[in-house]
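Working through the structure, step by step
Letter by letter, the chains look like this.
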Amino acid sequence: MTLLTLEKVDVFYRDLQATFGVDLSVGQGEAVAIIGANGAGKSTLLRAIIGLTPVRNGRVVLDGRDITGLRCDKIARAGVALVPEGRRLFGSLTVEENLLMGAARARPGPWTLAAVYELFPAMREVRYSLAGNLSGGQQQMVSISRALLTNPRLLLCDELSLGLAPTIINDIYTCFTRIRETGVSLILVEQDTVKARDVSDRLYCLLKGQVTLEGASSEIRMDAIKAAYFGET
Ligand code: ATP
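Computed from a predicted structure; not experimentally measured.

Side note on the packing of helix H6 (residues 136–148) against helix H7 (residues 166–181)
Their axes nearest at 10 Å, the elements H6 and H7 cross at an angle of 20°. The angle between the axes of H6 and H7 places the two elements in the roughly parallel class. Judged by the sense of rotation from one axis to the other, the crossing of H6 with H7 is right-handed. Side by side, H6 and H7 meet where Gly-137, Gln-140, Met-141, Ile-144 and Leu-148 of the first sit next to Ile-168, Ile-172, Cys-175, Phe-176 and Ile-179 of the second. Tallied by class, the residues present in the contact of H6 with H7 amount to eight nonpolar, two polar and no charged.

Written out as structure tokens, the structure is:
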């Protein structure tokens, strides 16, 4: 069953068109990766889904309901959460205070404070530390947990691996096995194409705001990804 559909989505920043007629879908429980170079429009699409950037043409449909143009908080209540690029924690608040922001007005569901501490045991140990004093990897765990605590049906993750060491990236991505067991669907924006292919069921490649490749991750060959990524024919 399809959870999210984008139909011919155009997003503009004033006169600058950032995406061109993007069609994209995410099935219930599916993990979809969006890859592409800097400026391809990946973050723009995530922001458009959650209502942070307006969709000028086209539609965003969540579980049969047209959510195009709804306010960000309404879309969050409908079950979409974003782990933003750069993590965006409140550095002068503790880890637990940051987490409780996610829990405020949360939908009912399996993700509680106890559940996210079980997902990331290392986070429990630093729960009274200021978020600003944590390492990048620890901050990413807090950012993912804060989004999970809203009990989303669809979790949007923007470049989780940015600036993190490879071992930490692996640790972070391991959590998605558990997250998916709870039925959460995922969109993972990644610059690391190998990682993106490994962790997803399906993959889309964006180039200058257009989808240049789409398919099952296990079937797409790396040379096809390279061609779509750089626009080679
Ligand atoms: P990155 O990996 O660098 O985050 P991206 O694929 O996520 O790249 P976007 O950030 O979505 O790409 O940017 C798509 C296009 O929209 C780029 O041309 C970018 O310069 C432009 N853009 C993004 N945000 C804004 C903004 N707030 N105002 C104007 N233009 C923007």
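Still to come is the rest of the account.
As for unusual backbone geometry
The backbone of Lys-8 sits at a positive phi, close to 45°, despite the residue not being glycine. Within the secondary structure, Lys-8 is located in strand S1 (residues 2–13). What makes Lys-8 exposed here is its relative accessible area of 54%.

Examining the nonpolar core
By size, the foremost hydrophobic cluster in this structure holds 35 residues, and its most contacted members are Met-123, Ile-144, Leu-155, Leu-160, Phe-176 and Ile-179. Of all the elements in the fold, those that place two or more residues in this core are strand S6 (80–83), helix H3 (95–103), helix H4 (113–119), H6, strand S7 (154–158), H7 and strand S8 (185–190). Among the elements that line this core, the one with the most residues is H7, at six residues. Beyond its immediate stretch of four places on either side in the chain, Leu-160 contacts Val-83, Gln-140, Ile-144, Ile-172, Tyr-173, Phe-176, Leu-188, Val-189 and Glu-190.

Regarding the sheet that holds strand S5 (residues 65–66)
Taken together, the four strands give an open sheet; going across it, the order is S2-S1-S4-S5, and neighbouring strands pair in antiparallel fashion. Taken across any chain shown, the strands that pair with only one partner, and hence form the sheet edges, are strand S2 (16–27) and S5. In terms of strand pairing, S1 meets S2 through eight bridges, oriented antiparallel. Considered in S2, the bridge of Phe-12 is made with Gln-17. Strand contacts of helix H1 (residues 42–49): S1, S2 and strand S4 (55–62), with the helix running at about 115° to S1, the strand carrying the most contacts.

What to know about the site of the ligand
Neighbouring the ligand are 15 residues, the closest being Gly-39, Gly-41, Lys-42, Ser-43 and Thr-44. Ser-43 is positioned such that a nitrogen or oxygen atom in its side chain is 2.7 Å from an oxygen atom of the ligand. Within the side chain of Glu-159, a nitrogen or oxygen atom sits 3.0 Å from an oxygen atom of the ligand. A total of 630 Å² of accessible area belongs to the ligand in isolation, and the protein chains cover 62% of it.

Considerations on the sheet that holds S6
The six strands lie next to each other as S6-S7-S8-S3-S9-S10, forming an open sheet whose pairing is mixed. Two strands in the sheet have a free side with no partner beyond their single neighbour: S6 and strand S10 (210–216). Each adjacent strand pair in this sheet contributes to an overall mean axis angle of 15°, direction not counted. In the sheet, S7 pairs with S8 via five bridges, with the strands oriented parallel. What sits directly across from Asp-158, in S8, is Val-189. Here H6 sits on the sheet and contacts S6 and S7; the angle it forms with S6, its principal contact strand, is near 170°. Packed onto the sheet, H7 meets strand S3 (31–35), S7 and S8 and runs at close to 160° relative to S8.

Conventions and cut-offs
Every residue gets a number counted from 1 within its own chain, in the order that chain's sequence is written. This being a predicted model, a pLDDT of at least 70 is required before a residue's local features are given, and a value of 80 or more before pairs of side-chain atoms are given or counted; all residues contribute to the totals for chains, interfaces and linings. Water and hydrogen atoms play no part in the side-chain values, which are based on all heavy atoms of the structure. Angles run from 0 to 180 degrees between N-to-C directions of axes, and those axes are lines fitted to C-alpha atoms, restricted for helices to the stretch in contact. By the criteria applied, helices consist of DSSP H or I runs no shorter than four residues and strands consist of E runs no shorter than two, each listed in order from the N terminus. An angle below 35 degrees is read as roughly parallel, one above 145 as roughly antiparallel, one from 65 to 115 as roughly perpendicular, and any other as oblique. Crossings are sorted by hand: turned counterclockwise from the far helix by less than a right angle, the near helix makes the crossing left-handed, and turned clockwise it makes it right-handed. Any pair of residues with heavy atoms lying within 4.5 Å of one another is described as a contacting pair. In this count, Pro and Cys sit with the nonpolar residues alongside Ala, Val, Leu, Ile, Met, Phe, Trp and Tyr, while Asp, Glu, Lys and Arg are called charged and the others, Gly among them, polar. The cut-offs for exposure are 20% and 50% of the maximum accessible area for each residue type, with area from a 1.4 Å probe on protein chains only; residues under the lower value are buried, those over the upper are exposed, and the others partly exposed. To define a nonpolar core, start from buried Ala, Val, Leu, Ile, Met, Phe, Trp, Tyr and Cys residues and group those joined through side-chain atoms within 4.5 Å. Two strands make a pair as long as DSSP finds a minimum of two bridges between them. For this description, a residue counts as near a given molecule or strand if any of its non-hydrogen atoms is within 4 Å of it. Contacts described as polar in this section are N or O atom pairs within 3.5 Å, which, within protein, must combine one atom able to donate a hydrogen with one able to accept it, while residues neighboring in sequence count only if both atoms come from side chains. Computed with the Shrake-Rupley method and a 1.4 Å probe, the accessible areas treat only the protein chains shown as cover for residues.

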